[in-house]
Amino acid sequence: MAPNAKRFRNCIGPRLRELRVSRKHTQEQLAAHLQLAGLHTWDRVAVAKVESRIRSVYDYELAVLCEVLGVDVAKLLPPLQGFRDELEDLMRGERTSDA
């Protein structure tokens, strides 16, 4: 990995940010909803790290995120073609763009 490369830990970060912003929630507000739903360790920093793709997301966290946002899992996942384009980077933990 290049010295300045950013770690790429998830594929839902950009969509999570879009959904949060579309609901007019701050990261702090989303974190509070997630805590009430059972993700007690999630705070604003955790939300920011997921949105920035530098924190992994467990499957149970994904389920709670979807419940809190009121969406199906497919809504958080990128389109298949976009995902395929980034799959190698995701598996290596690298990314070439901020998307």
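Before reading on, note that the structure itself is shown above.
Things to note about the overall build of the protein chain
- Within the protein chain, the regular secondary structure consists of six helices and zero strands.
- Taken from the N to the C terminus, the helices and strands of the protein chain come in the order α-α-α-α-α-α.
- Looking at the protein chain as a whole, 32% of its 99 residues qualify as buried.
- Pairs at least 24 residues apart make up 65% of the contacts formed inside the protein chain by residues separated by at least 6 positions.
- Just so you have it, the protein chain exposes about 6200 Å², and 54% of that area is on carbon and sulfur atoms.

Regarding the environment of lysine 49
- Its location among the elements puts lysine 49 in helix α3 (residues 44-51).
- C-alpha of lysine 49 to C-alpha of arginine 9: the two residues are 40 residues apart in sequence and 9.5 Å apart in space.

What about the nonpolar core?
- Residues Ile12, Leu16, Leu34, Trp42, Leu65, Leu69 and Leu76 are the most contacted members of the largest nonpolar core, which totals 19 residues.
- Examining the composition of this core, we find that five residues originate from one element, helix α4 (residues 59-69), more than from any other.
- Setting aside anything within four residues of it in sequence, one finds isoleucine 12 in contact with Val50, Val57, Leu62, Leu65, Leu76 and Leu77.

Points about the packing of aromatic side chains
- Scanning all chains against the criterion turns up one aromatic pair.
- Relative to tyrosine 60, the ring of tyrosine 58 lies with its centre 5.6 Å away and its plane at 5°, an arrangement referred to as stacked.
- Given a relative accessible area of 48%, tyrosine 60 falls into the partly exposed group.

A few points about the pattern of salt bridges
- In this structure the tally under the stated criterion is four salt bridges.
- With its nearest N and O atoms 3.5 Å apart, the salt bridge here joins arginine 17 to glutamate 51. You can see arginine 17 sitting in helix α1 (residues 13-22) and its partner glutamate 51 sitting in helix α3, a full 34 residues away along the chain.
- A salt bridge links arginine 55 to glutamate 61; its shortest N-O distance comes to 2.8 Å.
- One salt-bridge network, in which partners are shared between bridges, spans Arg17, Arg20 and Glu51.

Here's the deal with the packing of helix α2 (residues 27-36) against α3
- Between α2 and α3, whose axes approach to 8 Å, the crossing angle comes to 110°. The orientation of α2 with respect to α3, classified from their angle, is roughly perpendicular. Together, Gln27, Glu28, Leu30, Ala31 and Leu34 of α2 and Arg44, Val47, Ala48 and Glu51 of α3 make up the contact between the two elements.
- Residues that form the contact of α2 with α3 fall into these classes: five nonpolar, one polar and three charged.

Details of the environment of arginine 92
- With respect to the helices and strands, the residue arginine 92 is situated in helix α6 (residues 80-92).
- We classify arginine 92 as partly exposed; its relative accessible area is 43%.
- When the C-alpha positions of arginine 92 and phenylalanine 8 are compared, they lie 8.1 Å apart, and in sequence the two are 84 residues distant.

Criteria and cut-off values
Residues numbered from 1 in each chain as written. Predicted model: local features only at pLDDT ≥ 70, side-chain atom pairs only at ≥ 80, totals over all residues. Heavy atoms only, no water. Helix = DSSP H or I, 4+ residues; strand = E, 2+ residues; numbered from the N terminus. Buried < 20%, exposed > 50% of the residue type's maximum accessible area, 1.4 Å probe, protein only. Contact = heavy atoms within 4.5 Å. Areas by Shrake-Rupley, 256 points an atom, 1.4 Å probe, with all protein chains shown as cover. Core = buried A, V, L, I, M, F, W, Y, C linked by side-chain atoms within 4.5 Å. Phe/Tyr/Trp six-rings, centres within 6.5 Å; stacked < 30°, edge-to-face > 60°. Salt bridge = Lys/Arg side-chain N within 4 Å of Asp/Glu carboxyl O. Axes fitted to C-alpha atoms, helices over the stretch in contact; angles between N-to-C directions. Parallel < 35°, antiparallel > 145°, perpendicular 65-115°, else oblique. Nonpolar A, V, L, I, M, F, W, Y, C, P; charged D, E, K, R; others polar.

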